[in-house]
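Now for the letters of each chain:
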Amino acid sequence: MNHGNVSKEIAKGLLALQARIKAAKIPPSKLDETLNIATWNIREFGKQRRLEASIHYLAEILGQFDLITVVELRDNLEDMARVMQVLGPYWRLIYNDCIADPGGNRERVGFLYDKRAVTFNGFAAEADAPRRKVGEEYQTVQSFWRAPYAASFRAGNFDFVAVGLHVRWGESVTARRDEIQLFADWLEERHSDQFGEDKDLIVFGDFNIPKLDDALFKALTSHGLQIPPALRRLTAGDQVIGGTNLGADARYDQIAHYAKDPARFVRAGGTVDFYGGGKAIKELFPKGMDEDKFTYQMSDHLPLWIQINTDNDAQQLRQIGRAHV
């Protein structure tokens with residue numbers, strides 16, 4: 001991390017933030033053995049220029065992980081570039097284009113990763129909603145407000161496709177559920193495709209799902225997508241919480257998977273509570289800031305993370321051994 005010669009105020013804020021990160025009990029990842037992955041909706045990231053302090057705080061949190069799906073990354077990437085400068089020269093970003101209409105909100109999905117721990121395999125694409133032929137044209141019946149974005153990665157000997165999405169909020173829960181179902185159907189089709197990029201799919205993002213096992217969650221998991229056990233009971237370190245919003249009562253953000261080996265996902269997981277019920281506002285910004293402004297400097301979502309096992313050498317050797325018995 002390259003925080004450099006920061007001000008006394010930012011240094012104190014970083015120390016307070018590091019204490020909150022430590023309380024989250026994120027285990028260190030091990031090269032070619034484990035990977036720390038996360039998703040974080042950083043509110044309107046790039047819409048308005050962040051304070052210098054905020055750039056350092058965001059980098060400090062992001063730097064705890066090896067691969068992060070950043071949601072609400074806006075068309076202006078200047079602040080992301082500032083964060084990456086603090087993170088250091090090993091960090092890379094893959095991102096899609098934005099949609100300029102109000103539904104698209106000029107948002108991107110970005111995959112931010114440390115190339116020492118994970119490498120980009122070369123595949124990156126947006127999802128297209130299903131089309132049907134109408135006259136001479138192929139037209140969509142229903143669209144994604146913001147297209148899911150997928151990219152392929154490798155860590156250790158584990159290849160996988162990461163898929164990021166920010167589902168609409170909208171005025172209708174039914175329309176939101178329909179978009180989630182559209183995504184689940186598309187994902188199942190990709191997973192079942194004989195020539196798909198990979199069978200290991202990890203889904204990240206803000207799905208605007210209030211509760212696990214409600215109608216929206218059931219739509220997301222309708223084809224067998226699984227939530228890692230470590231994320232069913234959500235924790236921030238030793239504290240059990242109800243969600244990743246600052247009120248800690250809504251499960252908007254999710255990490256889920258189709259996995260050939262679900263045991264990869266049985267390690268630790270949880271959130272980083274950088275907010276502390278509002279106590280962190282004064283710790284990080286001692287000159288004063290209300291909660292709404294704080295969310296535009298940090299976020300109105302907590303990051304969601306899990307550690308996965310990327311080393312399956314032993315399993316592969318056992319399979320080879322059994323094949324030759």
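Keep in mind the model is a prediction, meaning the values are calculated, not measured.

**Some words on unusual backbone geometry**
Move 1: With a phi angle near 70 degrees, Asp32 is a residue other than glycine that sits in the positive phi range.
Move 2: Looking at the element boundaries, Asp32 is found in the loop between α1 (8-23) and β1 (34-45).
Move 3: On the accessibility criterion, Asp32 (44% relative accessible area) is partly exposed.

**Let's talk about the environment of Gly277**
Move 1: Residue placement: Gly277 occurs in the loop between β14 (269-271) and α7 (279-284).
Move 2: Measuring from C-alpha to C-alpha, the distance between Gly277 and Lys260 comes to 39 Å, with 17 residues separating the pair along the chain.

**Focus on the sheet that holds strand β5 (residues 119-126)**
Move 1: Spatially, the five strands line up as an open sheet ordered β5-β8-β9-β10-β13, and their pairing is mixed. Either end of the sheet is taken by a strand with one partner, and the two such strands are β5 and β13 (253-258). Pairs of neighbouring strands in the sheet enclose a mean axial angle of 20 degrees, with direction left out of account.

**Topic: the nonpolar core**
Move 1: Residues Leu112, Phe153, Phe183 and Phe274 are the most contacted members of the largest nonpolar core, which totals 95 residues.
Move 2: The greatest single-element share of this core, amounting to seven residues, is contributed by helix α2 (residues 52-62).
Move 3: Excluding residues within four positions of it along the chain, Phe274 makes contact with Leu17, Arg20, Trp40, Ile61, Leu246, Ala280, Phe294, Met298, Ser299, His301, Leu302 and Pro303.

**Points about the pattern of salt bridges**
Move 1: Applying the stated criterion across every chain, the model contains 16 salt bridges.
Move 2: Here Arg43 makes a salt bridge to Asp292, at a shortest N to O gap of 3.7 Å. Taken together, the residues span a long stretch of sequence, with Arg43 in strand β1 and Asp292 in helix α8 (residues 291-297) at a distance of 249 residues.
Move 3: When its relative accessible area of 19% is taken as the criterion, Arg43 is described as buried.
Move 4: Of the residues examined, Asp292 reaches a relative accessible area of 45% and is grouped as partly exposed.

**Quick notes on helix α3 (residues 78-87)**
Move 1: Burial runs high along α3: seven of the 10 residues are buried.
Move 2: For α3, the full list of buried residues reads Asp79, Met80, Arg82, Val83, Met84, Val86 and Leu87.
Move 3: Looking at the buried side of α3, the elements it contacts are β1, α2, β2 (67-74), β3 (91-95) and β4 (107-114).

**Things to note about the side chain of Ser152**
Move 1: Along the chain, Ser152 falls in strand β8 (residues 149-155).
Move 2: Excluding anything up to four places from it in sequence, Ser152 contacts Thr119, Phe120, Asn121, Gly122, Phe123, Phe160, Val161 and Glu197.

Definitions and limits used
Going along each chain's sequence as written, the residues are numbered from 1 onward. Local features in this predicted model are restricted to residues of pLDDT 70 or higher, and side-chain atom pairs are both shown and tallied only at a pLDDT of 80 or more, whereas totals for entire chains, interfaces and linings draw on every residue. Excluding hydrogens and water, the side-chain values take into account all heavy atoms of the structure. For helices the rule is a DSSP run of H or I covering at least 4 residues; for strands it is a run of E covering at least 2, with both sets numbered from the N terminus onward. The buried label goes to any residue with under 20% of its type's maximum accessible area, the exposed label to any with over 50%, and the partly exposed label to all in between, with areas taken from a 1.4 Å probe on protein chains only. Pairing between strands is defined by DSSP: at least two bridges between the two strands are required. Between the N-to-C directions of two axes lies an angle of 0 to 180 degrees, each axis being a line fitted to C-alpha atoms and, for a helix, fitted only over the stretch in contact. To qualify as a nonpolar core, a set must consist of buried Ala, Val, Leu, Ile, Met, Phe, Trp, Tyr and Cys residues joined through side-chain atoms within 4.5 Å. Contacts are residue-level and defined by heavy atoms, with any inter-residue pair within 4.5 Å sufficient. A pairing counts as a salt bridge when a side-chain nitrogen of Lys or Arg comes within 4 Å of a carboxyl oxygen of Asp or Glu.

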